[in-house]
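# Overview (structure and organization)
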Amino acid sequence: MVLVADGADQDLTDEVFSLFHGGIVQVVGEVCGGVVVEWTAKSGPVRRPRCPASHSRRTGGRASSMSASVARMPELIAPTDQLHSSWLAARDEWPPGAHHDGAGLRLAPDADLENPEDFAEWVRRLKQQSDTSVAVGEGRVHATHWWIVEDDSYLGAIDLRHYLNAFLLDVGGHIGYSIRPTFRRRGLATWALGTVLPEARALGLDRVLVTCDDDNIGSVRTIEHNGGVLEDVRTTEGGDKRRYWITL
Ligand SMILES: CC(C)(COP(=O)(O)OP(=O)(O)OC[C@H]1O[C@@H](n2cnc3c(N)ncnc32)[C@H](O)[C@@H]1OP(=O)(O)O)[C@@H](O)C(=O)NCCC(=O)NCCS
């Protein structure tokens, strides 16, 4: 697919393209002062993303004018037990017992997540972790969890830890994320991290630490595409970690 834009639209298209990194953006019309774009993933079906309002930091506010004009796009939502079957289907794409970065599975250590009641309880705990009026467990910090979804399909998770403890400063960082295996390499992690950055700023943070395994090239690129500046590579209890700071 070609990139189609001219005149003033070119700047906007370039910005949209960088937001939906990994896909191809085509301007297909104008509605209500905004432009309608189509986005084609590197592989997979055509998507029609809108730019969430939270992207306005990177688009000078123009993105929000597009949001009403297009439909079907990945979005971040609060965890919900309504997506139980989709979550299970995603989980089944991972090796049994795999760690899902940023998914908050540690909040359900003994749960049978096939069981709707256990699943709903886990979802409740995920949502509660952002409630600063509720104390968090030993070694934990308050955090906000989002699911990356499209058309009621669970595609991945991302979380934002509100502050760092010693472990997070060394190993885990402020933000963790994972994408279900069949939806990788379509720009989703890059998009999700970019979407959460304004949320971090809204919390009062002026920079965030994002870490990854030294050999995790997909995460390295995700972080660097979002402006991560490498502080160091350290040997930690969690292995060799690249530690990046992103200024908000
Ligand atoms: C790492 C992970 C989040 C990347 O998600 P994703 O949605 O595939 O990432 P994106 O599509 O946004 O890709 C970002 C960049 O990494 C590249 N990339 C992604 N996976 C890659 C891989 N396995 N090998 C090489 N490059 C890869 C992409 O090509 C893109 O780079 P480019 O635009 O320069 O070509 C995903 O592989 C995952 O969930 N892994 C398991 C959990 C994890 O490692 N989480 C991160 C912990 S810090």
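Described below are features of the structure shown in this document. (Residues numbered from 1 in each chain as written. Predicted model: local features only at pLDDT ≥ 70, side-chain atom pairs only at ≥ 80, totals over all residues.)

### Regarding unusual backbone geometry
Quick note on the threshold: Helix and strand assignments come from DSSP, with helices taken as H or I runs of at least 4 residues and strands as E runs of at least 2, each series counted from the N terminus. Put plainly, a residue is buried at 20 or more neighbouring C-beta atoms within 10 Å of its own, exposed at 12 or fewer, and partly exposed in between, counting only other residues' C-beta atoms, which are placed from the backbone.
Positioned with a positive phi, aspartate 151 is a non-glycine residue whose angle comes to about 50 degrees. Examined against the element boundaries, aspartate 151 turns out to sit in the loop between β5 (143–150) and β6 (153–161). A positive phi angle is found at aspartate 152, which is not glycine, with a value near 65 degrees. Owing to 11 C-beta atoms within 10 Å, aspartate 152 belongs among the exposed residues under this scheme.

### Quick word on the sheet that holds strand β9 (residues 229–236)
Consider a sheet: its strands pair through backbone hydrogen bonds, and that pairing is either parallel or antiparallel. Filter applied, for reference: Between any two strands, pairing holds if DSSP finds at least two bridges. Working convention: axes come from line fits to C-alpha atoms, limited for helices to the stretch in contact. Angles between N-to-C directions cover 0 to 180 degrees.
Here 3 strands make up an open sheet; going across it, the order is β8-β10-β9 and the pairing antiparallel. The open sheet is flanked by β8 (207–213) and β9, the only strands paired with a single partner. Direction aside, neighbouring strands of the sheet carry axes that sit 25 degrees apart on average. Bridge analysis of β8 against strand β10 (residues 239–247) gives 7 bridges, and the strand direction is antiparallel. By the bridge assignment for β10, cysteine 212 is matched with arginine 242.

### A closer look at the site of the ligand
The line we're drawing: Each residue gets a C-beta atom placed from its backbone. If that atom is within 6 Å of a molecule or strand, the residue is near it.
Inspection of the region around the ligand gives 20 residues, with Arg184, Ala189, Thr190, Gly218 and Arg221 positioned closest. Where the shell around the ligand is concerned, the elements lending two or more residues are β7 (175–179), α7 (188–202) and α8 (217–225). No other element matches the 5 residues that α8 contributes to the shell around the ligand.

### Observations regarding helix α5 (residues 116–128)
What counts, and what does not: By definition here, a helix of n residues has an expected span of 1.5 Å times n minus one. Arc definition: it is the arc formed by the directions from the helix axis to the C-beta atoms. Distance between backbone-placed C-beta atoms decides contact: two residues are in contact if it is within 7 Å.
Taking 1.5 Å of rise per residue, the 13 residues of α5 would be expected to cover 18 Å, and the 18 Å separating its terminal C-alpha atoms lies within 8% of that figure. When α5 is considered as a whole, its buried residues turn out to be Phe119, Trp122, Val123 and Leu126. Along the axis of α5, the buried positions cluster into a sector of 100 degrees, meaning they face one direction only. As for α5, its buried residues are in contact with α4 (84–91) and β5.

### Some points on the pairing of β9
When you tally the buried positions in β9, you get 0 out of 8 residues, a small fraction of the element. Both β9 and β10 contribute to a ladder of 7 bridges, which runs antiparallel. Of the residues in β10, the one forming a bridge with valine 233 is arginine 242. In this antiparallel pair of consecutive strands, β9 and β10, the connection spans 2 residues.

### Details of the nonpolar core
As a reminder, the rule being used: In plain words, the nonpolar core is the set of buried Ala, Val, Leu, Ile, Met, Phe, Trp, Tyr and Cys residues that C-beta atoms within 7 Å link up.
Of all hydrophobic cores here, the largest spans 32 residues; its most connected members are Ile148, Ile158, Ile175, Leu188, Ala192, Leu193 and Val196. Elements represented by at least two residues in this core include exactly α4, β5, β6, β7, α7, β8 and β10. Of all the elements, α7 adds the most residues to this core, at 8 residues. Other than its neighbours up to four places away in sequence, isoleucine 148 contacts Pro74, Leu76, Leu155, Gly156, Ala157, Ile158, Leu188 and Ala192. The next biggest cluster of nonpolar side chains, apart from the first, holds 5 residues, and it includes Leu107, Phe119, Val123 and Leu126.

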